[in-house]
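The residues making up each chain are set out below.
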Amino acid sequence: MLPERERYIYSICFMKTGVLLINLGTPDSPSTKDVRKYLTEFLNDPRVIDINPIGRFLLVNGIIVPFRSPKSAKLYQHIWTKDGSPLLLHGLKAKKLLQEELGADFVVELGMRYQKPSLESALEKLRAERVQKIILLPMYPQYASSSTGSSVEKAIEIVSGWEVIPSLEIIGKFYDHPAFIDACVAVAEKYDFTQYEHFLFSYHGLPERHILKGSAHYGGGLCSMGACCDTIIKNNVYCYRASCFATTRELVKRLRIPEGKYTTSFQSRLDDKWIKPYSDKVVIEKAKAGVKRMLVFSPAFVADCLETIYEIGTEYNELFQKHGGEKIQLVESLNDHPLWIKALKEMVTSPK
């Protein structure tokens, strides 16, 4: 370890680029107390529940968090490992591997939008390294205000309080990045597709109003929640729904899945005003139609978490079997796959 003076001189002479990997977050433990703390921070974000502040406060703190925390804690207990949260463990491993790939000219940190390691702590580490530039890389392939937008907004808010603000670069979406698609294909190809009768591409859901607000702001019109999302044009490049369908199209093409054998759907809804079709409804529909084995992808998640491991791998499998199906097989997320690390490296180092 170099003394402080030598480290300062080195940092001045050899300016580095900081890379901040951002993911949504995870409770510190599967206890009800820690889950309550996580949900309180998460659901009070005005980009997540975008309603009147007083109404949001009463709804989240008076109804949702008190009732949901004990139930969610039990679900987290099902996926928790002896080393901790899968989402955090995969994130730390990806950070380490990306640092090794990028080398000494870069400093890579991981920050969670909610809970630990916080964005504040991650950015403070980059500031201590006196980086000349920070690349913000929210690890959400498809842009959404409630994920990418919130993460970027929070990071900029923190950095805006610094005396010296370095150059900032934002990678706001990568749903169609060739290296990202390559990594998804590599993970999927371990499965024998001839053993499955249908393929489900399940993305995290959003309230329809989020799509409509983004559409009105960026596209100059309103999304119809229909065929307008079937192609990417200049007016919907930031539409979450259109981006999800685009990801599916790329993967279907690369994996040679026949038309009529796959469905794009959305999971984790809270009410009936979220984007459709709903993943659980599709699972039931296909089971009743005689599909016995289904392979499920989750291309909105780059690291396995509650929504993939438990919601898809356990809940949907049980739902499928209840209505006549035999087996739902989850295709694991990218996690720390070598091609995912390569994709991250390309996104950081390729000319924009």
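To be clear, the structure that these remarks concern was listed above.
Trainee: Sorry, what's going on with the pairing of strand 4 (residues 167-170) here?
Mentor: It is a general feature of regular strands that their side chains alternate between the two faces of the sheet. Pairing geometry for strand 3 (residues 133-138) and strand 4, over four bridges, is parallel. Note that in strand 4 the partner of Leu136 across the bridge is Ile170. Traced from strand 3 through helix 6 (residues 145-159) to strand 4, the parallel crossover comes out right-handed.

Trainee: Would you explain the sheet that holds strand 2 (residues 106-114) in this entry?
Mentor: Pairing between the strands of a sheet comes from backbone hydrogen bonds, and it takes one of two forms, parallel or antiparallel. The strand order across the open sheet built from four strands is 2-1-3-4, with neighbouring strands paired in parallel fashion. Each end of this open sheet is capped by a strand with a single partner; those strands are strand 2 and strand 4. Sheet twist, expressed as the mean angle between neighbouring strand axes with direction ignored, is 25 degrees. The strands touched by helix 12 (residues 338-349) within the sheet are strand 1 (17-25), strand 2 and strand 3, with strand 3 carrying the most contacts at an inclination of about 135 degrees.

Trainee: Just to check I follow, could you spell out the environment of Ser69 for this structure?
Mentor: Locating Ser69 in the fold gives a position in helix 3 (residues 53-79). With 39 residues separating them in the primary sequence, Ser69 and Val108 have C-alpha atoms 33 Å apart. Setting aside chain neighbours within four positions, we find Ser69 in contact with Thr32, Val35, Arg36, Leu39 and Ile64. In terms of polar contacts, Ser69 uses its side chain to reach the backbone carbonyl oxygen of Val65, at 2.6 Å.

Trainee: Looking at this structure, I do not really get the sheet that holds strand 7 (residues 293-297). What am I missing?
Mentor: Taking strand neighbours across the sheet as the criterion, the four strands line up as 6-5-7-8 in an open arrangement whose pairing is parallel. Two strands bound the open sheet, and with one partner strand each, they are strand 6 (262-267) and strand 8 (327-330). Direction aside, neighbouring strands of the sheet carry axes that sit 30 degrees apart on average. Here helix 10 (residues 279-288) sits on the sheet and contacts strand 5 (198-204), strand 6, strand 7 and strand 8; the angle it forms with strand 6, its principal contact strand, is near 140 degrees. Packing against the sheet, helix 11 (residues 306-322) makes contact with strand 5, strand 6, strand 7 and strand 8, and its axis sits at approximately 170 degrees to strand 8.

Trainee: Looking at this structure, I do not really get the side chain of Thr17. What am I missing?
Mentor: Here Thr17 is to be found in strand 1. With sequence-adjacent residues up to four places away left out, Thr17 is seen in contact with Asp105, Phe106, Val107, Val131, Gln132, Lys133 and Ile135.

Trainee: What is the right way to look at the packing of aromatic side chains in this model?
Mentor: Here the distance between the centres and the angle between the planes together describe a pair of aromatic rings. Throughout the structure, instances matching the rule amount to 13 aromatic pairs. Ring plane angle 35 degrees and centroid distance 5.8 Å describe the contact between Phe174 and Trp340, whose orientation is recorded as tilted. You can see Phe174 sitting in the loop between strand 4 and helix 7 (178-188) and its partner Trp340 sitting in helix 12, a full 166 residues away along the chain. Accessibility assignment for this pair places Phe174 and Trp340 in one class, buried. Between the aromatic rings of Phe245 and Phe266, the centroid separation amounts to 6.1 Å while the plane-to-plane angle is 75 degrees, which identifies the pairing as edge-to-face. With Phe245 in helix 9 (residues 240-255) and Phe266 in strand 6, the pair connects residues that are 21 residues apart, well separated along the chain.

Cut-offs applied
- Residues numbered from 1 in each chain as written.
- Predicted model: local features only at pLDDT ≥ 70, side-chain atom pairs only at ≥ 80, totals over all residues.
- Heavy atoms only, no water.
- Pairing = 2+ DSSP bridges.
- Helix = DSSP H or I, 4+ residues; strand = E, 2+ residues; numbered from the N terminus.
- Right-handed = clockwise from strand over helix to strand, strands pointing away.
- Axes fitted to C-alpha atoms, helices over the stretch in contact; angles between N-to-C directions.
- Contact = heavy atoms within 4.5 Å.
- Polar contact = N/O pair within 3.5 Å; in protein donor to acceptor, adjacent residues only side chain to side chain.
- Phe/Tyr/Trp six-rings, centres within 6.5 Å; stacked < 30°, edge-to-face > 60°.
- Buried < 20%, exposed > 50% of the residue type's maximum accessible area, 1.4 Å probe, protein only.

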